[in-house]
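# Observations on the model geometry
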Amino acid sequence: MQRFSVPSPSSYRLNPITSMATRSGSLIWFRKGLRVHDNPALEFASKGSEIMYPVFVIDPHYMESDPSAFSPGSSRAGVNRIRFLLESLKDLDSSLKKLGSRLLVLKGEPGEVLFRCLQEWKVKRLCFEYDTDPYYQALDVQVKDYASSTGVEVFSPVSHTLFNPADIIEKNGGKPPLSYQSFLKIAGEPSCAKSELVMSYFSLPPIGDVGNLGISEVPSLEELGYRDDEQADWTPFRGGESEALKRLTKSISDKAWVANFEKPKGDPSAFLKPATTVMSPYLKFGCISSRYFYQCLQNIYKDVKKHTSPPVSLLGQLLWREFFYTTAFGTPNFDKMKGNRICKQIPWNEDHAMLAAWRDGKTGYPWIDAIMVQLLKWGWMHHLARHCVACFLTRGDLFIHWEQGRDVFERLLIDSDWAINNGNWMWLSCSSFFYQYNRIYSPISFGKKYDPDGKYIRHFLPVLKVYI
DNA sequence: GTCAAGTTGGTATA
DNA sequence: TATACCAACTTGAC
């Protein structure tokens, strides 16, 4: 069980630093974790290093425009998420510049680019946040092998999540808990509950000689091959750590709201002022630290007489994220029906025309179509709205494979997260975690309940304005 | 074997 | 407007 033996961040700190006399400096490789605050990889890279190379690698497959895709974007991501990522990188670059550093942007296949950097710059340390997604699990093995074979010390702390999923799986006897309540019991309190987080710096080490590796500034959308008129109604959510911290501060400024938050009671049709914090895209890219978010919530809970609890509370939402990260990490083929031991095997229908109608917001059910248009235009919709369209596509109405709905969400959501997206699609299709298939979200009455005047539907389906 | 499980719709009742 | 309750379901945890 090699993949579960990941040391905790604290044990890394105790390791002696083994530097080679001929090497100097460190390289911090940003992937997620696009922030300065509470970033242990950045902290370790900057400590005791005279020079530091902050690197982000643009993978053209992920970032560059693919005109053959079903919506504007790259082959793997919608343009809303690409833009969110670019904004996050610009903000990170600007924060680093204020501290005497900058973001070095390189283009190419990430592993190959990184090997070239390590060769050229002869750093003694490579630091990057540990990542449980299969893409990084595979890539990071190669990178770690390469680094250790060339005498580079690797520091890869767990800081994207509150818990190390491997720890929880180990505590549970080698398998992830499959119910939320048992997850809570096993997980207990995260270590960040009592630790102090490094939130800011006076300065960071300067960058060294970058050689001839094709370093650039953070590119614009146009430079990646997108036309600026490609999407008229952009997502209203701006990327970046600064925006994330502002949004968090504002979201939790109303202590009574935080204390009384109950996710199921939110209004999925509220779009001018969403019923939730909309912190998910910032958590996805690590523009905000989940551990800082956790501490902010605990400080508020301490100050109020009573507050809601998981699973429905705001803290409960952070823990849902941990739950899915843990089950995803401990389940082979988590993103597939076949070969996935926790997924019910269901003979789903093949229907490309219906799938396309669902995807493009053309089912004829205004409530369903408005939600899908919000997804296309904004890359975000309320959690319950996601439930409605996922139920509709799978067990509720069309009986189409959850993997096909998952693909559409994965591409279009600005907060698209591998573990959470796959977990929720299995949940909604009654393939795993939840099995009460007789509980169906009505594509008509559910919308009427929350949007009786059709304000939401009219906003995202303006063609209906004349009728309702 | 028993119990509990975040997030349904519809109806009855206060 | 809010709440209670029923119908009819499977599975994980213990």
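In this text the structure is predicted, and so the values were computed from the model without any measurement.

For the structure on display, the rule yields 22 salt bridges. Among the salt bridges present, the one from K97 reaches D93, with a minimum N-O distance of 2.8 Å. Placement of both K97 and D93 in helix α4 (residues 79-98) is noted, with a separation of four residues, approximately one turn of the helix. Taken together, the salt bridges that share partners define one network made up of D93, K97, R102 and E217.

To continue, consider the protein's contact with DNA strand B. Taken together, 16 residues sit near DNA strand B, with K263, P264, W320, H387 and S442 positioned nearest. The side chain of H383 places a nitrogen or oxygen atom 3.3 Å from a base oxygen of DNA strand B. The separation between a sugar or linking oxygen of DNA strand B and a polar main-chain atom of I440 is 3.0 Å. Those elements that provide at least two residues to the surface near DNA strand B are α8 (180-187), α16 (383-396) and α19 (445-450). If you tally residues by element for the surface near DNA strand B, the top one is α16, at three residues. Grouping the constituent residues of the surface near DNA strand B by class yields nine nonpolar, five polar and two charged.

Okay, the protein's contact with DNA strand C next. All residues in the neighbourhood of DNA strand C are listed as P177, L178, S179, S182, K185, K344, Y435, Q436, Y437 and N438. Backbone atoms, meaning sugar and phosphate, make up 82% of the atoms of DNA strand C lying within 4 Å of the protein. In the model, a phosphate oxygen of DNA strand C is placed 2.8 Å from a nitrogen or oxygen of the K344 side chain. Between DNA strand C and Q436, the relevant distance is 3.1 Å, taken from a base oxygen to a side-chain nitrogen or oxygen of the residue. Of the residues contributing to the surface near DNA strand C, the split by class is four nonpolar, four polar and two charged.

What follows concerns helix α14 (residues 352-359). Every buried residue of α14 is listed here: L355, A357 and W358. Each buried residue of α14 sits inside an arc of 160° when the element is viewed along its axis, so together they form one side. Among the exposed residues of α14, those oriented more than 90 degrees off its buried face are H352 and A353. Against the buried residues of α14 lie α15 (366-378), α16, α17 (402-412) and α18 (418-428). N-capping of α14 is provided by D351, with a side-chain oxygen placed 3.3 Å from the backbone N of A353. Following α14 by one or two positions, G361 adopts a phi angle in the positive range, close to 70°.

What follows deals with the pairing of strand β1 (residues 26-30). Within β1, five of the five residues are buried, leaving the element largely enclosed by the surrounding structure. Residue alternation in β1 divides its side chains into two sets, S26, I28 and F30 and L27 and W29, and both sets are buried. Remark: the β1/helix α2 (residues 40-46)/strand β2 (residues 52-58) crossover connection has right-handed handedness. Two elements, β1 and strand β4 (residues 125-127), share three bridges in a ladder whose sense is parallel. From the neighbouring strand, S26 faces β4, where its bridge partner is R125.

Taken together, the buried positions of α8 are Y180, F183 and A187. Each buried residue of α8 sits inside an arc of 55° when the element is viewed along its axis, so together they form one side. For α8, the elements touching its buried residues are α7 (165-171) and α13 (314-329). Positioned one or two residues after α8, G188 has a phi angle of 65°, which is positive.

Here we come to the UniProt feature "domain: Photolyase/cryptochrome alpha/beta" (unreviewed entry) in chain A. Mapped onto the present numbering, the UniProt feature "domain: Photolyase/cryptochrome alpha/beta" (unreviewed entry) falls on residues 24-162. Span residues 24-162 is 42% helix and 16% strand, its end C-alpha atoms 32 Å apart.

Our focus in this paragraph is the sheet that holds strand β5 (residues 153-155). Read across the sheet, five strands follow the order β3-β2-β1-β4-β5 without closing on themselves; strand pairing throughout is parallel. Two strands in the sheet have a free side with no partner beyond their single neighbour: β3 (104-107) and β5. This sheet shows a mean twist of 25° between the axes of neighbouring strands, independent of strand direction. Summarising the sheet, β2 and β3 pair through four bridges and their orientation is parallel. Residue pairing for β3: V57 is matched across the bridge by L106. Across the sheet, helix α6 (residues 134-149) is in contact with β1, β4 and β5; its angle to β1 comes to roughly 175°.

Basis of the calculations
- Throughout, residues of each chain are indexed from 1 in the direction in which the sequence is written.
- Written order decides the labels, with chains lettered from A and ligands numbered from 1.
- It should be noted that, the model being predicted, local features are given only for residues of pLDDT at least 70 and side-chain atom pairs only at 80 or more, the latter also being counted only at that level, while totals for whole chains, interfaces and linings use all residues.
- As a rule here, side-chain values come from all non-hydrogen atoms in the structure, and water together with hydrogens is ignored.
- Any Lys or Arg side-chain nitrogen found within 4 Å of a carboxyl oxygen on Asp or Glu counts as a salt bridge.
- Starting at the N terminus, helices and strands are each numbered in turn, a helix being any DSSP run of H or I of at least four residues and a strand any DSSP run of E of at least two.
- Near is defined per residue: the residue qualifies when any heavy atom it owns lies within 4 Å of the molecule or strand.
- For this analysis, a polar contact is any N or O atom pair within 3.5 Å, provided that within protein one partner can donate a hydrogen and the other can accept it, and provided that sequence-adjacent residues contribute only side-chain to side-chain pairs.
- Residues are grouped as follows: Ala, Val, Leu, Ile, Met, Phe, Trp, Tyr, Cys and Pro are nonpolar; Asp, Glu, Lys and Arg are charged; all remaining types, including Gly, are polar.
- Between buried and exposed lies partly exposed: a residue is buried under 20% and exposed over 50% of the maximum accessible area for its type, with that area taken using a 1.4 Å probe on protein chains only.
- Arc definition: it is the arc formed by the directions from the helix axis to the C-beta atoms.
- Contacts between residues were defined by any pair of non-hydrogen atoms, one from each residue, lying within 4.5 Å.
- By the criterion used throughout, a crossover qualifies as right-handed when its path from the first strand across the helix to the second strand runs clockwise, the strands pointing away from the viewer.
- Note: two strands are recorded as paired if DSSP finds a minimum of 2 bridges between them.
- UniProt positions are given in the numbering used here, feature names are shortened, and annotations may be inferred rather than shown by experiment.
- Every axis corresponds to a line fitted to the C-alpha atoms, with the helix fit spanning only the stretch in contact, and the corresponding angles, defined between N-to-C directions, vary from 0 to 180 degrees.

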